[in-house]
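Residue strings, one per chain:
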Amino acid sequence: MDSGRIAHRRKADIPVIRPRASDKNQHIHEVGVKSLELSKVIRLLEDPLTANLKERHLFVLKKLLERSQLGFLLKELTGITKILNICAERGTDHPEYLPFLCQALQICRLPFLKEKTSDELSYAQDVVEFLSHMGCLMRMSDAEVRQQTLESVKCFYSCVAPKQLIDGLQPTSPGYRLQLLERSDLAQTLLLSLAALENQPAIKLQLLQTLQILSSSSDMNCALIVNARGAETICLHMNEPDPSGQVLFRSSEILWNLLDTGSKEVTAQLSSMECVTSLKEAFFHMLTNGSRHSDLQLRNDLLVITTLIAENPKSLLIESFFAKQLVVLATFPELKSYSPLVCNLKLSYNNEDLKMKKLLFNLLVLMSKDFTALQLYKEERVMLALLALVKPPVASSVPLEWTSAQREELQLQALSTACTLAPLMLDDYMSHQGNASLLLLLDHCVAQDSFFGQSHISHHRGGRGSTKAQMRHCIRVLRSVLSLGVDSVNQDFCDQGTINQFLGILMQMEASPDEDDAVTLEIQSDIQLILSALCENDMHRKELFGSDGVEMAIHFLKKGCDKFYSGLGHNKLILSTVDCVRSCIVGCYTTEDYFLAKNGACLLLDLLSSSPRCVHCNVLANLLELCDNPNTASHILSWRDAGGQTAPRFLLQLWRDEEEELKVSRNLHGGIADPQRPILRPYQQEDPQQSFPANIQSAAVLELSENLRLKIFSIVSKLGFQELPGLSRKDYVTLSIVRRYLDFKVGEVWNEIRRELDQDCVRPTTPDEEALSAIGKVAEDAAMRVAAEQNSILQQWEKEDIREEELMYTEIKSHWKQWELMAVSWDSYVSRTSNYEILKDIKAKREKYIESSRPKAKAAVHPKEHFVSQVMSVERTGAQGTAGVKVTLARAPLKMADGDVARATSQDPEYFSTVSVDE
C-alpha cells in the first residue's frame, strides 16, 4: 500500500506538500552526510581514545535512532550491525547501552528502506548477516533485550504499515525479509537460546511462540531447526515448570510442524530414550490431570506424535515401558485391569476420548511389526478386548456410556485392528473363539439390525441404516485369518456351516436392487477368496460347494468384463471368480460335470475373448485344468465367439499375440525366421548369460510361468493337433510351431546349460560334449523341419490360390463373352429396326430355314412296341448241348386296347420265332 495514502488516511486535514526538485537534491545530500556520520559513530565507539566517553556515545546513539525512526536503510545495515554488536558487548558491564538496543530492535520491526530497486539484490547478503547477528542478541541475559528481539522477529510475519516516508526512499517488498531470513542462522540461534531461558518462563514462552511461527511458515526454517536438533531440544524442555500452562502446547505445535515436513530425521531425534520418556511424562500428565477440552486435544496430539515415532523401527517405546502402558490403556475399559494406571482413571466418553481409543488401536497396528510388542499384546489380552468390541450390541461388553454411533466407530476400528493382529496372534484368536464372534456379527449384519449405519467415519461406506461397513471389515478379518491355510482354523470355520452361509450371502447381495458400489464388490470378492482358500485342497469341501456354488460362479462369469475398468472393483471380482472356479470346482468330478453342463467352459472362453491381457493367464490355467475332464474337449470345440471364430483358432491367435508382445522373431507369414532360436526372446539373446545356483531356476525355465505359450500348448495338446475346426492358412503355420513347442523349449534349456558351462569355464567330458552337440543339432533340425513344413503349407495354399484365381479368371472371361454376345444381339436388333433391306434379307433367310426344317415323306415304319415273350412249345432234336432244344416263343404287347385281343392270337410271323437255348 502506498505510504502517502496511509498518511492521508490518518491525517486527512493536513495537506500533503510535495517537495521541489531542489529539496530532493538537498535530501540526497543529507543522506550522504548521514552515511558519513554513521561511519563516524562506529569510529567513535571503537576508537580506544574515545572508549570511555560513555555520555558522548549515548548522545550519538540517541541521534542515530532519531534519524532512523522510519526504518534502517539497506546500505547502512552493515554499520548498524557493528553498532549493535558493540553495544551488546558493552551492555554486559554498562546497562546504559541496553535502552539503545531495545529501541533499535523496535525500529527493526519496520520494513527496511531502499533508495533504488536494485538495492534489494545488492544488499541481500548484508540483510542475511544482520538477521543472523540479530538472533545473537538472545545470548544477552537482559530480559528486555530478549523480549524486544523476539517481538521484532514476530513482526516480520505481520503486516506493519510503513510510516510516511521522505521522497526517494521506498520500503522493501513484504516477502523480502522472510526470504532472506530462511538463508540466515536466525532460527537456529533462537533455538539454541532455549536452554538459557530456564529462569525466564515468560521469555521462554515467547520464544516458543516465535519458533512456532517460524516452523509453520516455511519448510526451510523447519529444516534449519531440525539440523540444530530442534525436535530433540523442544521435546526435552517441554516438561519444565510452566506457570502459564502453555509451554507444552507450544512445544507440541512446533513438533507437529516439524513432523509435517516428512523428514525422517525428526522421528529419529524423537526416538531416543530421553525424548520417549519426556513424551511419556507429558502424555500421562495430561491423561490424569487434563479435564478441559483443550487439554484432551493436547493429550491426543501427543498420542499422534507417539504414533509417528512408532513408525520408526529404532524407536525405544518398548524399552521405555511406554508401550506397555499404552497397551494397558488400549484395553480399558473393555477389560478389568489391576494396573495402577487405570485403577482410578475415568473417561468422559466424549469425542476426544473416542479419538484417543482409535489412536491407541492404530498404535497397536504400528507396533505389531515388533515381536516383543506381540508378547505384550498376549500378556495384556489385547485380542480378547478387540473381540469384545467386535461382538454385536446384544452380546457385547462395551460400556453403555458410549453412544450408539461411538460404539459403531469403536467396533469398526477394532475390526480394522483385528484384521492386522489376528494373523499374528492366531493362538489367542482361536482360544477366544474368534471365528464364532465374527460369524455372530456377520449373522447380525445380515439380519439388518437397525443399530448399525449411524456413523460417518472413514471406515463406513454403506450409508445410514446399512450394515455394509461391518460386513466388509468382518469379511476382511476372516479373509486375513483363513488365507493363512492353517488346517485347524479352516476346519473350525467350516464346521459351522459357513460355506453354504457365504454362498447365500453372495446371492442375496447379488439379488439386491441396489446398484453395484465399491463396498459391495469388495465384500463379494473377499467372500469368493475365502471360499477359494477353504476348498482349494479339500475334496469334501468342494463337494459341499456343490451345485449352489457352481450356480454362483456361473452367474458372475456371465457378467463378463464390460466394467473391468470402472474403478469400483469389478476387476477384483472377476479375478476372484476365476480363482473360485479353479479352487472350488476344478478337481471334483461332480462339480466339474455340472459346471460343464451349465456351459462353464464356454463362459470361460467368452471371458478370455473379452477380457484384457492381465486376465488371460488365470483363465487359461482354469481351462487347462478343466481339460483333464474328458467332457471338456467337446465343449471347447463347439464354442464360437461373436464373429464365428472357433476356440482353436482363437487360441492360436492368442499365441501370435503373445509372441508379438514378447517380440519373438517371425517371418512375414508367422513362420520360423531363425531355426537356431525358434522361440527365443530378444532380451535372452542380448543379455549376458548368468550363472544360476542349483536352487534357482534359470531364465528359460522361469519364462514358462511368465507367458501364455505353455498353457496354450497344453490346451491344444489336450484337444489334439489334427482336424481342428475353423483354421486358416496362418493358423496352420502357427500350429506347426505349437506342436513342437516342448521340443524347442528342451533344446533352449540345453543350450542355456551349455552357455552357462562356457561362462564358468567348465569343459564337459568328451561324451557329454558330444551329447550336448547332438542335442543342439536335433533341436535345430526340428526347427528346420518345422520351417520346411511351414513352407510346404504355404506352397500348397499358394497353389490353391492360383487355382481359385484361374477359376475366377475363367468366370470373368465367360461373363465378358456373354456381354459380347449380348452386344452383337443388340446391334442386330438395332440394324433390323433401322434398315429395311436388312430386315428383308433376314426374313428371307428365316423362311428358307423354316422350309428346310420341315420333315419329308418316308416309308411306313411299324411303331415300336413293348412286349412280353411266352414259351409256346419245346422240342428236342437229338443234338448234343443247347443245340438239341427248339423253343417256340410268342410276344404279347404290354399296352393294348380291348379290341386288339384277337390280333394278339393271330399267326403273324413277326410275333413268333424259334430260338435255341442252353440247358
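Here's what I pulled together on the structure shown here. (Residues numbered from 1 in each chain as written. Predicted model: local features only at pLDDT ≥ 70, side-chain atom pairs only at ≥ 80, totals over all residues. Heavy atoms only, no water.)

**A look at the overall build of the protein chain**
Under the convention used in this document: Starting at the N terminus, helices and strands are each numbered in turn, a helix being any DSSP run of H or I of at least four residues and a strand any DSSP run of E of at least two. Summary of the burial criterion: residues with accessible area below 20% of their type's maximum are buried, those above 50% are exposed, and those between are partly exposed, where the area comes from a 1.4 Å probe applied to protein chains only. By definition in these notes, contact holds between two residues if any of their heavy atoms fall within 4.5 Å.
Of the regular secondary structure elements, the protein chain holds 44 helices and five strands. When each of the 919 residues of the protein chain is scored for burial, the buried share is 44%. Residue pairs at least 24 apart in sequence account for 74% of intrachain contacts in the protein chain once pairs closer than 6 positions are excluded.

**Concerning the packing of aromatic side chains**
Geometrically, a pair of aromatic rings is defined through the distance of the ring centres and the angle of the planes. Quick note on the threshold: Aromatic rings from Phe, Tyr and Trp, with only the six-membered ring used for Trp, were paired whenever their centres fell within 6.5 Å, and each pair was classed as stacked if the ring planes differed by under 30 degrees, edge-to-face if by over 60, and tilted otherwise. Any Lys NZ or Arg CZ that is within 6 Å of a ring centre and within 35 degrees of that ring's normal is treated as a charge sitting over the ring.
Applying the stated criterion to the full structure yields 11 aromatic pairs. Between Trp-639 and Phe-650, the aromatic rings sit 5.9 Å apart at their centres with planes inclined by 55°, giving tilted as the arrangement. Of this pair, Trp-639 sits in the loop between helix 35 (632–637) and helix 36 (647–662) while Phe-650 sits in helix 36, and the two are 11 residues apart along the sequence. Residue classification places Phe-650 among the buried residues on the basis of a relative accessible area of 9%. Relative to Tyr-741, the ring of Phe-713 has its centre 5.8 Å away and its plane inclined at 50°; by these criteria the two rings are tilted. Linking Phe-713 in helix 39 (residues 709–719) with Tyr-741 in helix 41 (residues 741–759), this pair joins segments that are 28 residues apart in sequence. Owing to a relative accessible area of 11%, Phe-713 belongs among the buried residues under this scheme. Judged by its relative accessible area of 0%, Tyr-741 falls in the buried class. Linked through ring pairs, Phe-283, Phe-284 and Phe-322 together constitute an aromatic cluster. The lysine or arginine in question, Arg-177, covers the ring of Phe-112, its NZ or CZ lying 5.4 Å from the ring centre.

**Quick look at the packing of helix 30 (residues 539–557) against helix 31 (residues 570–584)**
Note the cut-off: Think of each axis as a best-fit line through the C-alpha atoms, taken over the contacting stretch in the case of a helix, with angles from 0 to 180 degrees between the N-to-C directions. If an angle is under 35 degrees, it is roughly parallel; if it is over 145, roughly antiparallel; if it lies from 65 to 115, roughly perpendicular; otherwise it is oblique. Each crossing gets its hand from how the near helix is turned against the far one by less than a right angle, where anticlockwise is left-handed and clockwise is right-handed. When residues are sorted by character, Ala, Val, Leu, Ile, Met, Phe, Trp, Tyr, Cys and Pro go into the nonpolar class, Asp, Glu, Lys and Arg into the charged class, and all the rest, Gly among them, into the polar class.
Their axes nearest at 10 Å, the elements helix 30 and helix 31 cross at an angle of 150°. The orientation of helix 30 relative to helix 31 falls into the category roughly antiparallel. Considering the relative orientation of helix 30 and helix 31, their crossing is left-handed. Contact with helix 30, carried on its side by Lys-542, Phe-545, Met-552, Ala-553, Phe-556 and Leu-557, involves Leu-573, Thr-577, Cys-580, Val-581, Ser-583 and Cys-584 of helix 31 and no other residues of that element. Residue composition of the contact of helix 30 with helix 31, grouped by class: nine nonpolar, two polar and one charged.

**Concerning the pattern of salt bridges**
Opposite charge on two side chains allows them to pair when their charged atoms are near. Operational definition: Each reported salt bridge corresponds to a side-chain nitrogen of Lys or Arg within 4 Å of a carboxyl oxygen of Asp or Glu.
Enumeration over the complete set of coordinates arrives at 37 salt bridges. A salt bridge links Arg-582 to Glu-536; the nearest nitrogen and oxygen atoms lie 3.5 Å apart. Residue Arg-582 is located in helix 31, and its partner Glu-536 is located in the loop between helix 29 (518–535) and helix 30; the two are separated by 46 residues in the primary sequence. Among the ionic contacts, a cluster of salt bridges with common partners joins Arg-229, Glu-232 and Glu-265.

**Details of the nonpolar core**
For clarity, the threshold we go by: Side-chain atoms within 4.5 Å link the members of a nonpolar core, which is a set of buried Ala, Val, Leu, Ile, Met, Phe, Trp, Tyr and Cys residues.
In terms of nonpolar packing, the biggest core is built from 217 residues, with Ile-83, Leu-270, Tyr-377, Leu-478, Phe-502 and Leu-531 touching the most fellow members. Per-element accounting of this core gives the leading share, nine residues, to helix 20 (residues 351–367). Residues in contact with Leu-270, not counting those within four places in the same chain, are Ala-231, Cys-235, Leu-255, Leu-259, Cys-275, Val-276, Ile-305 and Ile-309.

**Let's talk about a nonpolar patch on the surface**
What counts here: Without a salt bridge and with relative accessible area above 30%, a residue can belong to a patch; like charges are then joined within 9 Å and nonpolar side chains (Val, Leu, Ile, Met, Phe, Trp, Tyr) within 5 Å. Here the Shrake-Rupley method, with its probe set to 1.4 Å, supplies the accessible areas, and only the displayed protein chains count as covering residues.
Together, Met-808, Tyr-809, Ile-812, Trp-816, Trp-819 and Met-822 line one region of the surface with nonpolar side chains, adding up to about 750 Å² of accessible area. Tracing the sequence through the fold places Met-808 in helix 42 (residues 766–834).

**Considerations on the side chain of Gln-212**
Short version of the rule: Within 3.5 Å is the distance limit for a polar contact, defined as a pair of N or O atoms, with the added protein rule that one can donate a hydrogen and the other accept it, and that residues adjacent in sequence qualify only through two side-chain atoms.
Tracing the backbone shows Gln-212 in helix 11 (residues 201–217). In terms of polar contacts, Gln-212 uses its side chain to reach the side chain of Arg-250, at 2.8 Å. When residues no more than four places from it in sequence are discounted, the contact partners of Gln-212 are Arg-250, Glu-253, Ile-254 and Asn-257.

**Concerning the environment of Gly-434**
Inspection of the secondary structure puts Gly-434 in helix 25 (residues 434–446). Taking the C-alpha atoms as reference points, Gly-434 and Ala-418, 16 residues apart in sequence, are found 9.8 Å from one another. If near-sequence neighbours (up to four positions away) are discounted, Gly-434 is found in contact with Leu-387 and Tyr-429.

**Some points on helix 30**
The following threshold applies: For a helix, the expected span equals 1.5 Å multiplied by the number of residues minus one. Bend at a residue means the angle formed by two fitted axes: the first through the 7 residues ending at that position, the second through the 7 residues beginning there.
When the terminal C-alpha atoms of helix 30 are compared, their 23 Å separation across 19 residues is substantially less than the 27 Å that a helix rising 1.5 Å per residue should span. Of all the bends in helix 30, the greatest measures close to 70° and is centred on Gly-546. Along helix 30, the residues that are buried comprise Arg-541, Lys-542, Phe-545, Gly-546, Gly-549, Val-550, Met-552, Ala-553, Ile-554, Phe-556 and Leu-557. Considering only its buried residues, helix 30 is in contact with helix 27 (487–494), helix 28 (498–510), helix 29, helix 31, helix 32 (589–597) and helix 33 (600–610). Sitting at the head of helix 30, Asp-538 places a side-chain oxygen 3.0 Å from the backbone nitrogen of His-540.

**Remarks on unusual backbone geometry**
Cis rather than trans, the peptide bond between Phe-332 and Pro-333 has omega equal to 5°. You can see Pro-333 is positioned in the loop between helix 18 (322–330) and helix 19 (340–343). Its identity is not glycine, yet Asn-599 carries a phi of approximately 60°, on the positive side. With respect to the helices and strands, the residue Asn-599 is situated in the loop between helix 32 and helix 33.

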